[in-house]
Amino acid sequence: MNLANPFKRLLLRTGALIAVSLATASCSWLQSLDQDPTLDWPADRLYTEARTALDDSNWTQAKDYYQKLEARYPFGQYAQQAQIELIYATWKDGDAPGAVQAADRFLRTYPNHQNSDYVMYLKALATLNENDSWFAMLSAEDLAERDANASREAFDIFKELVLRYPNSRFAPEARRRMHELVLAQAEHELKTAEYYYVRHAYVAAIDRAQRVVREFQNTPMRDDALELIAKCYDELQLTELADDTRRIIELNKDGARAQPAR
């Protein structure tokens, strides 16, 4: 029985199929190139279309145009502004880590750029956005630390912005957000202490509440944390420590009443 001819026919048939597949892929690739309407657009049109998409909140389309502008005209007059607006579009499109990376890259490349304050502001917002749900995750014992780290990182970025650019138009908003973050962190620590308290982990609750007292003395959560500490001492039958803690609370209230009205 001669196997040569069937084998030869199989090889020829396989080769033909491969050739057809390659031709089809090539045609599809060329067709996709033909379908890109931006291929011949100059830099100014790409930027204008990107900006229009941005203004229309079409973040994905804006990102596409900005990325093409950056790739095709990396040294053109729109290049740096396009990179800044791409950071914003990336963040708004839901890619917070990508926005942080793009902001870092821009600040490294253009450390003295006139819009560095704005890029830092965007970076801080994107850093917060990475852990947007950290307030809602306080019921889990050890998720809190990781999520609180995002607020600390954002706080440090806002602080650097204020220190480096005190006259920036973003400085007042950065200061306001820093204040909010301090309150949020204090609230976070207090809720974590309360979480331990209701689970009868009184030593852990005292530890977290004392952190509020040490690190967030000027927030409304301080006296709530002291009261929680006193309750923990009650549960541990440390009556003297509980009484001492409540005396501190009363002293704080007396001091607050003695402050002159503003």
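What you see is a predicted model, and the numbers here were worked out from it, not measured in a lab.

Peer 1: Would you mind showing me how to read the overall build of the protein here?
Peer 2: Along its length, the protein carries 11 helices and 0 strands. Put simply, the protein runs from its N terminus to its C terminus through helices and strands in the order α-α-α-α-α-α-α-α-α-α-α. A separation threshold of at least 6 residues defines the contact pool for the protein, and within that pool the share at least 24 residues apart is 55%. By element, 53% of the accessible surface of the protein is carried by carbon and sulfur atoms, the whole surface being about 16100 Å².

Peer 1: Honestly, the packing of helix H4 (residues 79-92) against helix H5 (residues 96-109) in this entry has me stumped. Any pointers?
Peer 2: When two helices pack together, their arrangement is given by the angle between the helix axes and the distance between those axes. Close contact between H4 and H5 brings their axes to 7 Å; oriented N to C, the two are set at 160°. As far as their axial angle goes, H5 and H4 are roughly antiparallel. Note on packing geometry: the crossing formed by H4 with H5 is left-handed. For the pair formed by H4 and H5, the contact residues are Gln 80, Gln 83, Ile 84, Ile 87, Thr 90 and Trp 91 on the first element and Ala 96, Gly 98, Ala 99, Ala 102, Ala 103 and Phe 106 on the second. Counted by class, the contact of H4 with H5 contains 8 nonpolar, 4 polar and no charged residues.

Peer 1: Can you walk me through the packing of aromatic side chains in this structure?
Peer 2: To describe a pair of aromatic rings, you give the distance between the ring centres and the angle between the ring planes. Applying the stated criterion to the full structure yields 11 aromatic pairs. Geometrically, the ring pair formed by Phe 106 and Tyr 110 is tilted, given 4.9 Å between the ring centres and 50° between the ring planes. By relative accessible area, Tyr 110 is classed as partly exposed at 21%. Three or more aromatic residues joined by ring pairs form one cluster here, namely Tyr 118, Tyr 121, Phe 158 and Phe 170.

Parameters at a glance
Residue positions are given per chain, counted from 1 along the sequence in the order it is written. For a predicted model such as this one, the threshold for reporting local features is a pLDDT of at least 70, and the threshold for listing and counting side-chain atom pairs is 80 or more; totals across whole chains, interfaces and linings nevertheless cover every residue. The side-chain values count all of the structure's non-hydrogen atoms but skip hydrogen atoms and water molecules. Going along the chain from the N terminus, every DSSP run of H or I of four or more residues is numbered as a helix, and every run of E of two or more is numbered as a strand. Contacts are assigned to residue pairs with any non-hydrogen atoms lying within 4.5 Å of each other. Reported accessibility uses the Shrake-Rupley method at a 1.4 Å probe radius. Residues are deemed covered only where the shown protein chains occlude them. Each axis is a line fitted through C-alpha atoms, and for a helix only the stretch in contact is used; angles between axes span 0 to 180 degrees, taken between their N-to-C directions. Orientation is classified from the angle alone, with under 35 degrees giving roughly parallel, over 145 giving roughly antiparallel, 65 to 115 giving roughly perpendicular, and any other angle giving oblique. Working rule for handedness: look at the near helix, and if it is turned counterclockwise from the far one by less than a right angle, call the crossing left-handed; if clockwise, right-handed. In this count, Pro and Cys sit with the nonpolar residues alongside Ala, Val, Leu, Ile, Met, Phe, Trp and Tyr, while Asp, Glu, Lys and Arg are called charged and the others, Gly among them, polar. In summary, the pairing rule links any two rings of Phe, Tyr or Trp, Trp by its six-membered ring, whose centres are within 6.5 Å, and it sorts them by plane angle into stacked for under 30 degrees, edge-to-face for over 60 and tilted for everything else. A 1.4 Å probe rolled over the protein chains alone gives each residue an accessible area, and that area as a share of the maximum for its type sets the label: buried under 20%, exposed over 50%, partly exposed in between.

Geometric descriptors of this kind do not, in isolation, establish any biological role.
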